[in-house]
Amino acid sequence: MTISDRYHRQRLVADIGDDGQHAIGKGHVAIVGVGALGCMSADMLTRAGVGTITLIDRDIVEFTNLQRQVLFTEEDAKNHQPKASAAAERLKSINSEIQINSHVEDLTSKNIDRLLEGVDIIIDGLDNFNTRYILNDYSVKNKIPFLFAGVIGASGNVMTIIPNATPCLRCLFPEPPPAGSQETCDTAGVIAPAIGIAASCQCSDAIKILSNNINRVSPTLLVFDLWNTQSSRFETGCPNESCECCSKNNYVFLQSNSSPEAAVLCGQNAVQIPGTGPIDLEQLACRLKSQGSFHRTGPILRGALNEELSDEGNSVVLLCFEDGRAIIHGTNDVGRAKAIFARFIGN
Ligand SMILES: [Zn+2]
């Protein structure tokens with residue numbers, strides 16, 4: 001058996017065949033966020049022979065990632081390797097026949113055109129809603145399928161968005177939840193099998209779309225809870241006629257260039273994150289209790305995170321303000337600061 005026969009079992013699947021495999025080999029998939037979901041998707045699509053895979057992630061590998069982020073090793077965590085490049089190295093050793101691009105960057109409305117140029121499918125591997133809504137706008141505007149998934153604990157939601165044919169994220173959820181209002185995997189935990197379900201659904205739809213079987217994509221929202229052994233698929237119907245995004249073409253998240261940017265605070269080894277709206281500090285303090293020693297003084301919640309270390313080896317200190325801002329002490333790296341914000345506060 002030669003190396004080119006590696007896709008034999010996939011070609012045997014009736015709807016794929018040689019033509020489908022050939023089409024998969026010409027496809028370009030972007031995986032935005034190379035955490036638990038992104039690792040599993042990247043692994044499956046690399047093995048499936050997707051011609052070009054673009055990985056985008058702003059964060060570094062940590063020991064608490066290893067329980068579920070299947071492309072990373074203890075060595076990656078020890079050396080604080082960026083997730084996008086560590087994943088790319090591993091994937092190249094799995095399949096040297098395909099092109100793998102990696103960007104250690106924070107995807108924003110400003111760099112999205114460059115980062116997603118030429119992609120056929122966008123896979124959601126994100127841990128925050130703001131970037132997800134930027135992707136949703138981009139997907140609808142440019143008519144690129146967007147494979148949404150969100151997982152927490154043992155539960156998840158998965159929905160494939162085919163622009164103009166199925167509802168977009170904003171048809172179902174017009175606005176992202178307020179900052180700090182939702183649990184995150186870093187505060188409520190997550191088990192790897194739940195990630196596996198969601199990533200598998202995303203990847204099977206990616207394979208259907210790339211192999212010219214888009215008609216096999218189910219226009220439904222999958223909601224599952226592995227812990228209580230429940231799952232349902234909800235018919236999503238047609239795009240919502242009052243949707244700001246797909247019906248009115250009002251791409252507010254893509255056009256949010258005027259909103260304040262995260263900024264390095266000179267000489268303080270700290271980054272300020274502007275946030276997106278007021279935060280309920282009482283509720284946040286409750287959720288962060290197990291993450292470090294947090295205390296509230298008036299409009300500020302302050303605490304040192306047990307697991308996050310600064311470049312000097314001290315704890316990273318988080319300051320959250322009622323108006324939604326946060327200052328993260330212990331790093332000058334805007335991408336890392338935004339990742340910490342997304343993981344512990346949530347947006
Ligand atoms: Zn819509």
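So, how was this worked out
Residues numbered from 1 in each chain as written. Predicted model: local features only at pLDDT ≥ 70, side-chain atom pairs only at ≥ 80, totals over all residues. Domains from an automatic or database assignment. Contact = placed C-beta atoms within 7 Å. Nonpolar A, V, L, I, M, F, W, Y, C, P; charged D, E, K, R; others polar. Helix = DSSP H or I, 4+ residues; strand = E, 2+ residues; numbered from the N terminus. Expected span 1.5 Å × (residues − 1). Buried ≥ 20, exposed ≤ 12 C-beta atoms within 10 Å, placed from the backbone. Pairing = 2+ DSSP bridges. Axes fitted to C-alpha atoms, helices over the stretch in contact; angles between N-to-C directions. Core = buried A, V, L, I, M, F, W, Y, C linked by C-beta atoms within 7 Å. Parallel < 35°, antiparallel > 145°, perpendicular 65-115°, else oblique. Left-handed = near helix turned anticlockwise from the far one by under 90°.

A look at the domain arrangement of the protein chain
At step 1: Partitioning the protein chain into domains gives domain 1 (3-256) and domain 2 (260-344).
At step 2: Taken together, the contacts link 16 residues of domain 1 with 18 residues of domain 2.
At step 3: Here the side of domain 1 that touches domain 2 is built from residues that sort into three nonpolar, six polar and seven charged.

So, helix 5 (residues 83-94)
At step 1: An ideal rise of 1.5 Å per residue puts 16 Å on twelve residues; helix 5 measures up with 17 Å between its terminal C-alpha atoms.
At step 2: The set of residues buried in helix 5 consists of Lys83, Ala84, Ala86, Ala87, Ala88 and Leu91.
At step 3: On its buried face, helix 5 is in contact with helix 3 (36-48), strand 2 (52-56), helix 4 (74-78) and strand 3 (99-103).

What to know about the sheet that holds strand 4 (residues 121-124)
At step 1: Here eight strands make up an open sheet; going across it, the order is 3-2-1-4-5-6-7-8 and the pairing mixed. On the outer flanks of this sheet lie strand 3 and strand 8 (230-235), each paired with one strand and no other. Along the sheet, successive strands turn relative to each other by an average axial angle of 15°, direction set aside.
At step 2: In terms of strand pairing, strand 2 meets strand 3 through five bridges, oriented parallel. Bridge assignment links Ile56 to a residue of strand 3, and that residue is His103.
At step 3: Sitting on the sheet, helix 5 is in contact with strand 2 and strand 3, with an inclination near 165° to strand 3.

Side note on the nonpolar core
At step 1: Core analysis: the largest hydrophobic core is formed by 71 residues, its most contacted members being Val29, Ala42, Leu55, Ala87, Ile122 and Ala206.
At step 2: With ten residues, the top contributor of residues to this core is helix 10 (residues 192-210).
At step 3: With residues up to four places along the chain from it excluded, the contact list for Ala206 reads Val29, Leu45, Ile121, Ile123 and Leu147.
At step 4: Core analysis: the second largest hydrophobic core is formed by 22 residues, Ile279, Ile328, Phe341 and Ala342 among them.

So, the sheet that holds strand 14 (residues 326-329)
At step 1: An order of 9-10-14-13-12-11 is seen for the six strands of this open sheet, with the pairing classed as antiparallel. In this open sheet, the two strands that pair with only one neighbour each are strand 9 (263-265) and strand 11 (292-297). The mean angle between the axes of side-by-side strands here comes to 20°, regardless of whether they run parallel or antiparallel.
At step 2: Judged from the three bridges that link them, strand 9 and strand 10 (residues 270-273) form a sheet pairing that is antiparallel. Bridged to Leu265 within strand 10 is Ala270.
At step 3: Lying on the sheet, helix 11 (residues 281-288) is in contact with strand 11, strand 12 (300-309) and strand 13 (315-321); it crosses strand 11 at an angle near 165°.
At step 4: Strand contacts of helix 12 (residues 334-344): strand 9, strand 10, strand 12, strand 13 and strand 14, with the helix running at about 55° to strand 10, the strand carrying the most contacts.

A short note on the packing of helix 3 against helix 5
Angle between the axes and distance between the axes: these two values describe a pair of packed helices.
At step 1: Interaxial distance between helix 3 and helix 5 falls to 10 Å at its minimum, and their mutual angle equals 25°. For the element pair helix 3 / helix 5, the angle class is roughly parallel. Seen along the crossing, helix 3 lies across helix 5 with a hand that is right-handed. Facing helix 3, whose interface residues are Cys39, Ala42, Thr46 and Arg47, helix 5 presents Ala87, Leu91 and Ile94.

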